[in-house]
Amino acid sequence: IQNAKENPMELREYAFNVFSNICKNCRSNQKEFRRKNGIELIKENLLMCKGEGEDNEILHREEGGDKATFLLSILDCLWSAVFKNKRSESFFLDIGGVYILLDLLEACDEIHKRILLSSLCTILENPKARNFFAEWNSAKTTINASQLLIKLYLDEDIRFGV
């Protein structure tokens, strides 16, 4: 998980799935995951999927593994290891988690929009997260978070012919 140069995407995906399953509904494993820098690993791999980070080029060159399922495994791990755990959520917020989720939401494929929106809604239940939401502006289009959500809503209307 830590080094894309040494570990293929498929192996890192399996590792995130394992972490997700061992952290699910287990506070002690969530705490240990946080202590062993697991939340930073989630952040680094989300940035890689977003198109940033030092290992981004490797992600785009890899032939083995599926980038879509890799992102889903990271988001699943985020749900199980971070969400609904106050300390883990707080740390995720402090390292820019809301910004990363919003950046991903703006640029992601259709397959990821629902889970990213759901993740965003879950983290926004934390009162500390609302300020990060209000402060975010897109680096690509300079729209704010509210405008992004309206754009997504309008895109869905167009997609369904409403």
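Structure first, text after, so check above.
The model shown is predicted, which means the values in this text are computed figures rather than measured ones. (Residues numbered from 1 in each chain as written. Predicted model: local features only at pLDDT ≥ 70, side-chain atom pairs only at ≥ 80, totals over all residues. Heavy atoms only, no water.)

(A) Inspection of the overall build of the chain at higher detail. Assigned secondary structure in the chain consists of 10 helices and 0 strands. Across the chain, helices and strands are ordered from the amino to the carboxyl terminus as α-α-α-α-α-α-α-α-α-α. Out of the 162 residues in the chain, the part that is buried amounts to 43%. The contacts in the chain between residues at least 6 apart in sequence include a share of 70% that link residues at least 24 apart. Working note: accessible area of the chain is about 9,100 Å², and carbon and sulfur atoms make up 52% of it. (Helix = DSSP H or I, 4+ residues; strand = E, 2+ residues; numbered from the N terminus. Buried < 20%, exposed > 50% of the residue type's maximum accessible area, 1.4 Å probe, protein only. Contact = heavy atoms within 4.5 Å. Areas by Shrake-Rupley, 256 points an atom, 1.4 Å probe, with all protein chains shown as cover.)

(B) Layout of unusual backbone geometry. Its identity as a non-glycine residue notwithstanding, asparagine 37 has a phi of 70°, on the positive side. Mapped onto the elements of the fold, asparagine 37 is located in the loop between helix H2 (27–35) and helix H3 (38–50). Here the phi dihedral of threonine 142 falls at roughly 60°; this positive angle occurs in a residue that is not glycine.

(C) Structural view of the side chain of glutamate 89. Within the secondary structure layout, glutamate 89 lies in helix H6 (residues 86–94). Those residues in contact with glutamate 89 that lie beyond four places of it in its chain are Val82, Phe83, Lys84, Ile123 and Asn126.

(D) Broad picture of the pattern of salt bridges. According to the stated counting rule, one finds 8 salt bridges in the structure shown. In this structure, the salt-bridge partner of aspartate 94 is lysine 128, at a minimum N-O distance of 2.7 Å. In this pair, aspartate 94 is assigned in helix H6 and lysine 128 in the loop between helix H8 (110–123) and helix H9 (129–135), connecting sequence segments 34 residues apart. For lysine 113, the salt bridge is made with glutamate 110, and the minimal N-O distance between the two is 3.3 Å. Here glutamate 110 and lysine 113 lie together in helix H8, a separation of 3 residues that amounts to about one turn. (Salt bridge = Lys/Arg side-chain N within 4 Å of Asp/Glu carboxyl O.)

(E) Structural detail: the packing of aromatic side chains. Taken as a whole, this structure holds 4 aromatic pairs when the rule is applied. Ring plane angle 80° and centroid distance 5.3 Å describe the contact between tryptophan 79 and phenylalanine 83, whose orientation is recorded as edge-to-face. Overall, the relative accessible area of 30% leaves tryptophan 79 in the partly exposed class. Residue phenylalanine 83 is classed as buried on the basis of its relative accessible area, which comes to 2%. (Phe/Tyr/Trp six-rings, centres within 6.5 Å; stacked < 30°, edge-to-face > 60°.)

(F) Focus on the environment of histidine 112. Turning to its location among the elements, histidine 112 is positioned in helix H8. Relative accessible area serves as the criterion here: at 3%, histidine 112 is assigned to the buried category. Along the chain, histidine 112 and threonine 69 lie 43 residues apart, while their C-alpha atoms are 9.5 Å from each other. In contact with histidine 112, other than residues within four places in its own chain, are Ala68, Leu71 and Leu72.

(G) Quick look at the nonpolar core. Core analysis: the biggest nonpolar cluster contains 39 residues, and Ile42, Leu46, Leu120 and Ile123 have the highest contact counts within it. Counting residues per element, the ones that place at least two in this core are helix H1 (9–23), H3, helix H5 (67–81), H6, helix H7 (97–107), H8, H9 and helix H10 (145–160). (Core = buried A, V, L, I, M, F, W, Y, C linked by side-chain atoms within 4.5 Å.)

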